[in-house]
Amino acid sequence: LDRSLMLTTAIPGASLNDAPPSNPAPILTAAGADLARINRVLVDGFDWILRDDPRPTRLSAALPTWHEFAASLTTHPLDPWFDPPSLARITELTRIPPANPARALLAHGDFDPSHIFSQNGNYTGIIDLGEIRGAEATFDLGHLALHTPDALPAILQGYATITRLPDDLPLQITASALRIGWFRLTQSSAGANPPYATHLVHAMTRLALDPGVPSSG
């Protein structure tokens, strides 16, 4: 099939989207700790993980630098989607580099509650790593802030038990989220999916106006 494979133990239950629990906070917190573990794995390079790496003891990616990776997400014009002041603010925020642009870390790629599984009110695991890539530390948190910001505080609570959160975390998450949104609007299927494009425009506008995304408290 010319596809990569990952073997795991069984992850029972259903996603939080398919079977919403009465109290999702503990499940999100546990998932946040696991996401932090994923995001601690070093990658040699940025962007998509190379599937034909001849040295399978390490993960390598397509682009050598973070600046090339960030540029690849923001290549196409965003003008049709935003008024000039909003576009200027979004552009300014997307240029904020991560704390360590030389270090690429493993990103789930499209992390959100649809990939968090639970059973009987208990967290069971994270699924679907088909979008893995080398990225900055806040890439997955940015994706979550763009798509399901209400889940972010509980995720960060668990994340902080594994990885120390920097003081400028809200700004770093916002920068990652806006770069992802830029790519989705201009280079993915969002243009052919008006409801999703509308969601992205509203979410990016919200983040640009108030980069103080929800925190762990």
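Sequence order as written defines the numbering, with residues in each chain counted from 1. Where totals are concerned, whole chains, interfaces and linings use all residues; where local detail is concerned, this predicted model gives features only for residues with pLDDT of at least 70, and gives and counts side-chain atom pairs only at 80 or more. With hydrogens and water set aside, each side-chain value is computed from the structure's full complement of heavy atoms.

K.L.:
Looking at this structure, I do not really get the environment of Glu136. What am I missing?
P.N.:
Under the DSSP-based scheme used, a helix requires at least four consecutive residues in state H or I and a strand at least two consecutive residues in state E, with every element numbered from the N terminus. Along the chain, the position of Glu136 falls in the loop between strand S8 (133-135) and helix H4 (139-147). Spatially, the C-alpha atom of Glu136 lies 8.9 Å from that of Pro97, the residues being 39 residues apart in sequence. Whether two residues are in contact is decided by their heavy atoms, any of which lying within 4.5 Å being enough. Filtering out sequence-adjacent residues up to four positions away, Glu136 remains in contact with Phe46, Trp66, Phe69, Pro98, Ser176 and Arg179. Within 3.5 Å is the distance limit for a polar contact, defined as a pair of N or O atoms, with the added protein rule that one can donate a hydrogen and the other accept it, and that residues adjacent in sequence qualify only through two side-chain atoms. Engagement of the side chain of Glu136 in a polar contact is seen with the side chain of Arg179, the distance being 3.3 Å.

K.L.:
How should the sheet that holds strand S6 (residues 116-119) be read in this particular structure?
P.N.:
Paired through backbone hydrogen bonds, the strands of a sheet run either parallel or antiparallel to each other. In space, the three strands of this open sheet follow the order S1-S6-S7, with antiparallel pairing throughout. The open sheet has two edge strands with one neighbour each: strand S1 (14-15) and strand S7 (122-126). Pairing between S6 and S7: four bridges, direction antiparallel. Paired with Ser118 across the strands is Tyr123, a residue of S7. An axis is simply a line fitted to the C-alpha atoms; with a helix, the fit covers only the stretch in contact. Between two such axes, the angle follows the N-to-C directions and lies from 0 to 180 degrees. Packed onto the sheet, helix H1 (residues 25-38) meets S6 and S7 and runs at close to 30° relative to S7. The criterion for strand pairing is that DSSP finds at least two bridges linking the strands in question.

K.L.:
For this particular structure, what's the right way to read H1?
P.N.:
It helps to recall that an α-helix has 3.6 residues per turn; residues three or four apart then point in one direction. How far a helix is expected to stretch is found by multiplying one less than its residue total by 1.5 Å. With 14 residues, H1 ought to run about 20 Å at 1.5 Å a step, and its terminal C-alpha atoms sit 20 Å apart, in line with that. Exposed residues in this analysis have more than 50% of their type's maximum accessible area, buried residues have under 20%, and partly exposed residues fall in between, with area computed by a 1.4 Å probe over protein chains only. Burial in H1 covers these residues: Ile27, Leu28, Thr29, Ala31, Gly32, Ala33, Leu35, Ala36 and Ile38. Tucked into the core, H1 has its buried residues touching strand S5 (104-107), S6, S7, H4 and helix H5 (152-159).

K.L.:
Got a minute to help me understand the environment of His143 in this structure?
P.N.:
Topologically, His143 is positioned in helix H4. Separated by 35 residues in the primary sequence, His143 and His108 have C-alpha atoms spaced 9.8 Å apart. Excluding anything up to four places from it in sequence, His143 contacts Gly109, Asp110, Phe111, Asp112, Ile180 and Arg184. Among the polar contacts made by the side chain of His143, one reaches the main-chain carbonyl oxygen of Phe111 at a distance of 2.9 Å.

Functional significance is not addressed by these values, which are geometric in nature.
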